[in-house]
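Close look at the chain arrangement
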Amino acid sequence: MSASEPESAGRARTRPRGRAGDRLLRVYVWLVIAWLLLPIAVMIVFGFNDTRSKSNVSWQGFTAKWWGRLDEYPQLLDAVDYSLKIALLSVLVTTVLGTLMGLALGRHRFRGQGATNLMMFAAISSPELVMGASLLSLFISTGVETGFWTVVIAHVLFSLSFVAITVRARVVGMDASIEEAARDLGASAWTTFWRITFPMILPGVVAGALLAFALSVDDFVITQFTTGGDVQTFPLWIWGATRIGVPPQVNVIGTLIFAAGVAIAVLNAVTARRRGT
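Residues numbered from 1 in each chain as written. Predicted model: local features only at pLDDT ≥ 70, side-chain atom pairs only at ≥ 80, totals over all residues. Heavy atoms only, no water.

1. Describing the overall build of the protein
- In terms of helices and strands, the protein carries 10 helices and 0 strands.
- Of the regular secondary structure in the protein, the N- to C-terminal order runs α-α-α-α-α-α-α-α-α-α.
- In terms of C-alpha radius of gyration, the protein reaches 25 Å, well past the compact-globule figure of 19 Å for 277 residues.
- With respect to the three principal axes, the spread of C-alpha positions in the protein is 75 × 60 × 35 Å. (Helix = DSSP H or I, 4+ residues; strand = E, 2+ residues; numbered from the N terminus. Rg over C-alpha atoms; globule rule 2.2 N^0.38 Å.)

2. As for the side chain of Thr233
- Positionally, Thr233 belongs in the loop between helix H8 (221-226) and helix H9 (234-241).
- Note on Thr233: relative accessible area 3%, which makes it buried.
- Leave out the neighbours within four places in its chain, and Thr233 touches Ala79, Ser83, Ile86 and Thr223. (Buried < 20%, exposed > 50% of the residue type's maximum accessible area, 1.4 Å probe, protein only. Contact = heavy atoms within 4.5 Å.)

3. So, a nonpolar patch on the surface
- A surface patch of nonpolar side chains, amounting to about 1,100 Å² of accessible area, comprises Leu25, Tyr28, Val29, Trp30, Val32, Ile33, Trp35, Leu36, Leu37, Leu38 and Val42.
- Note that Ile33 resides in helix H1 (residues 4-46). (Patch = residues over 30% accessible without salt bridge, like charges linked within 9 Å, V, L, I, M, F, W, Y side chains within 5 Å. Areas by Shrake-Rupley, 256 points an atom, 1.4 Å probe, with all protein chains shown as cover. Salt bridge = Lys/Arg side-chain N within 4 Å of Asp/Glu carboxyl O.)

4. A word on the pattern of salt bridges
- Under the defined criterion, the tally for this structure stands at 5 salt bridges.
- A salt bridge links Lys65 to Asp50; its shortest N-O distance comes to 3.1 Å. Taken together, the residues Lys65 in the loop between H1 and helix H2 (74-107) and Asp50 in the loop between H1 and H2 connect sequence positions 15 residues apart.
- For Lys65, a relative accessible area of 33% corresponds to the partly exposed category.
- The shortest N-O distance in the salt bridge between Arg69 and Glu72 comes to 2.5 Å.
- A single salt-bridge network, built from bridges that share partners, covers Asp50, Arg52 and Lys65.

5. Focus: the nonpolar core
- Within the largest apolar cluster, 11 residues are counted, these being Trp66, Leu70, Leu76, Ala79, Val80, Phe234, Trp237, Ala241, Val250, Val252 and Ile253.
- Secondary-structure elements contributing two or more residues to this core are H2, H9 and helix H10 (248-276).
- Setting aside chain neighbours within four positions, we find Val250 in contact with Leu76, Phe234, Trp237 and Ile238.
- If you look at the next biggest cluster of nonpolar residues, it comprises 10 residues, including Val163, Met174, Ile201 and Val205. (Core = buried A, V, L, I, M, F, W, Y, C linked by side-chain atoms within 4.5 Å.)

6. Digging into the packing of helix H6 (residues 176-184) against helix H7 (residues 189-218)
- Packing of H6 against H7 leaves a shortest axis separation of 10 Å and a crossing angle of 165°. Taken together, the axes of H6 and H7 lie roughly antiparallel to each other. Here H6 runs over H7; the crossing is right-handed. Seen from H6, the contacting residues are Ile178, Glu179, Ala182 and Arg183; seen from H7, they are Thr192, Ile196, Thr197 and Met200. (Axes fitted to C-alpha atoms, helices over the stretch in contact; angles between N-to-C directions. Parallel < 35°, antiparallel > 145°, perpendicular 65-115°, else oblique. Left-handed = near helix turned anticlockwise from the far one by under 90°.)

7. Notes on the environment of Gly228
- Considering the arrangement of structural elements, one finds Gly228 in the loop between H8 and H9.
- Setting aside its immediate chain neighbours within four residues, Gly228 contacts Thr146 and Gly147.

8. Section: the packing of aromatic side chains
- One pass over the full model with this rule turns up 11 aromatic pairs.
- Ring pairing ties together the aromatic residues Trp190, Phe193, Trp194 and Phe198, which thus form one cluster. (Phe/Tyr/Trp six-rings, centres within 6.5 Å; stacked < 30°, edge-to-face > 60°.)

9. Things to note about the environment of Glu72
- Tracing the backbone shows Glu72 in the loop between H1 and H2.
- Assessed through its relative accessible area of 37%, Glu72 is described here as partly exposed.
- Not counting residues up to four positions away in its chain, the partners in contact with Glu72 are Trp66 and Gln249.

The structure is reproduced here in structure tokens:
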């Protein structure tokens, strides 16, 4: 028997084990995905629950009537309206500032860059309790009355780092020679940015904006610290409603928000694939 024969035989014996390991890995991945999607599935299903009480915790039958009775809780609709307005305003400011910061951090070298990176990662890794309490102390010490605009400012501050880091990662992986070619062909710095640079970093900008929007709509802790008595967002309303029972309309609105997020993500993926082809 030659020296290559035992080696080939050993490879043949290890292939089934490798395939079995791949199957186990696939099963594990799908189990993790199913575990993560289970709460969302429960939320969607209980939006069709024919409950006859204020508590919506046990299945009592199928119905779609709650989808047409969202106006039974005007305060819930007001809370959703506040959440969307705060999210849109904070995303607008955060996307502009975060994109500029990401460009600066990914393209240039300057004094204090290490400290800036450290501050951004500290803002991401620090507990929301710390940021909420510090912002509340800042507003109180400066005499600023908490309310709608303080929540917007708070959401901008805690989501800014996420957008900046996302855009920075896109900028670092970008081929700078394409911009140099545009300038060599006579394009100005402004034209190069809008025709070359911005389309190349656009996926990172969109990803950062979507992340900032999700963080804003989902936030509870920082909003609780910085909101006033006249502003109640969607998470805060749900927290208050848990004392007497969460109505099925909450599940309906949550389903609509989730469906809108999935639609935007799919649209972004399709657009990016078409742009790549």
